[in-house]
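Here are the chains, one letter per residue:
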Amino acid sequence: ALPICVRIVGEEYTLRTEASTTHTEAVAEHVDRTIRAIISSGATVETHKAAILAALQITDELFRERAASESITADIRQLASDIRPLLPPDKRGDESTG
């Protein structure tokens, strides 16, 4: 893992990651943007408190995206299950027809 320097709310951080530089910089930029938005909203003036609020906001976004992804995956599985009987036997992907 190569070190990547990023700047978040004026502070420089050196990160070691297997992720690409582009990805790591995009993640740091998102964190920086979220913290700055919280600070500029007047909700807090202390950077460490803004960082905690940003972490909560970003985690909420992550959880909502995961739930949406799980819902879509369940919908796709149900659709595949609904369609499978309509397909010719050799196209159904059933283990029993092998």
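Per chain, the residues get numbers from 1 upward, laid out in the order the sequence is written. Under the rules for a predicted model, residues below a pLDDT of 70 receive no local features and side-chain atom pairs below 80 are neither given nor counted, while totals for whole chains, interfaces and linings still include all residues. Excluded from the side-chain calculation are hydrogens and water; included are all heavy atoms of the structure.

1. Remarks on the overall build of the chain
When helices and strands are tallied, the chain shows 2 helices and 2 strands. Secondary structure counts use DSSP, requiring at least four H or I residues in a row for a helix and at least two E residues in a row for a strand, with both numbered from the N terminus. Along its sequence from the N terminus, the chain presents helices and strands in the succession β-β-α-α. Just to be clear, the radius of gyration here is over C-alpha atoms, and the globule rule we use is 2.2 Å times residues to the power 0.38. The C-alpha radius of gyration computed for the chain amounts to 22 Å, which surpasses the reference 13 Å derived for 98 residues by more than 25%, pointing to a less compact arrangement than a globule. The principal-axis extent of the C-alpha atoms belonging to the chain is close to 65 × 35 × 15 Å. Considering only contacts within the chain whose residues lie at least 6 apart along the sequence, 20% involve residues at least 24 apart. A positive count includes Lys and Arg, and a negative count includes Asp and Glu. His and the chain ends are not counted in either. By convention, charge coordinates are those of NZ in Lys, CZ in Arg, CG in Asp, or CD in Glu. Within the chain, the 16 negative side-chain charges are centred at a point lying 1 Å from the centre of the 11 positive side-chain charges. Pairs of residues are marked as contacts when any of their non-hydrogen atoms sit within 4.5 Å.

2. Remarks on the pairing of strand β2 (residues 11–17)
Two faces make up the sheet, and in a regular strand the side chains alternate between them. Alignment of strand β1 (residues 2–8) against β2, held across 7 bridges, turns out to be antiparallel. By the bridge assignment for β2, Val 6 is matched with Tyr 13. The pairing criterion for strands is at least two bridges between them, as found by DSSP. Counting the residues that bridge the hairpin from β1 to β2 gives 2 residues, and of these Val 9 lies at a positive phi of roughly 50°.

3. Remarks on the nonpolar core
Listed in full, the 9 residues of the largest apolar core are Ile 4, Val 6, Ile 8, Val 9, Ala 28, Ile 35, Ile 38, Ala 50 and Ala 54. Looking at this core, the elements that each hand over two or more residues are β1, α1 (21–40) and α2 (47–83). By nonpolar core is meant a set of buried Ala, Val, Leu, Ile, Met, Phe, Trp, Tyr and Cys residues that side-chain atoms within 4.5 Å join together. Think of it in three bands: residues with accessible area under 20% of the maximum for their type are buried, residues over 50% are exposed, and the middle band is partly exposed, with areas taken using a 1.4 Å probe on protein chains only.

4. Things to note about the environment of Ile 35
Examined against the element boundaries, Ile 35 turns out to sit in helix α1. Since its relative accessible area comes to 5%, Ile 35 is described here as buried. Residues Ile 35 and Arg 66, spaced 31 residues apart in sequence, show a C-alpha to C-alpha distance of 22 Å.

5. Structural notes on α1
The end-to-end C-alpha distance of α1 is 28 Å, a good match for the 28 Å that 20 residues give at a rise of 1.5 Å each. On its buried face, α1 sits against β1, β2 and α2. Of the residues flanking the end of α1, it is Gly 42, one or two places downstream, whose phi is positive at about 85°. Helix span, expected: 1.5 Å multiplied by one less than the number of residues in the helix.

6. A few points about unusual backbone geometry
Unusually for a residue other than glycine, Val 9 sits at a positive phi of about 50°. One can find Val 9 in the loop between β1 and β2.

7. Details of the packing of α1 against α2
Running from N to C, α1 and α2 cross one another at 120°; their axes reach a closest spacing of 8 Å. As far as their axial angle goes, α2 and α1 are oblique. Viewed along their axes, α1 and α2 form a crossing whose handedness is right-handed. Along its contact with α1, which presents His 30, Val 31, Thr 34, Ile 35, Ile 38 and Ile 39, the element α2 presents Thr 47, Ala 50, Ala 51, Leu 53, Ala 54, Gln 57, Ile 58 and Glu 61. Only C-alpha atoms enter the line fits that serve as axes; for helices the fit covers just the stretch in contact. Angles between N-to-C directions range over 0 to 180 degrees. Roughly parallel here means an angle under 35 degrees, roughly antiparallel means over 145, roughly perpendicular means 65 to 115, and every remaining angle is called oblique. Take the far helix as the reference: if the near one is turned anticlockwise from it by less than a right angle, the crossing is left-handed, and if turned clockwise, right-handed.

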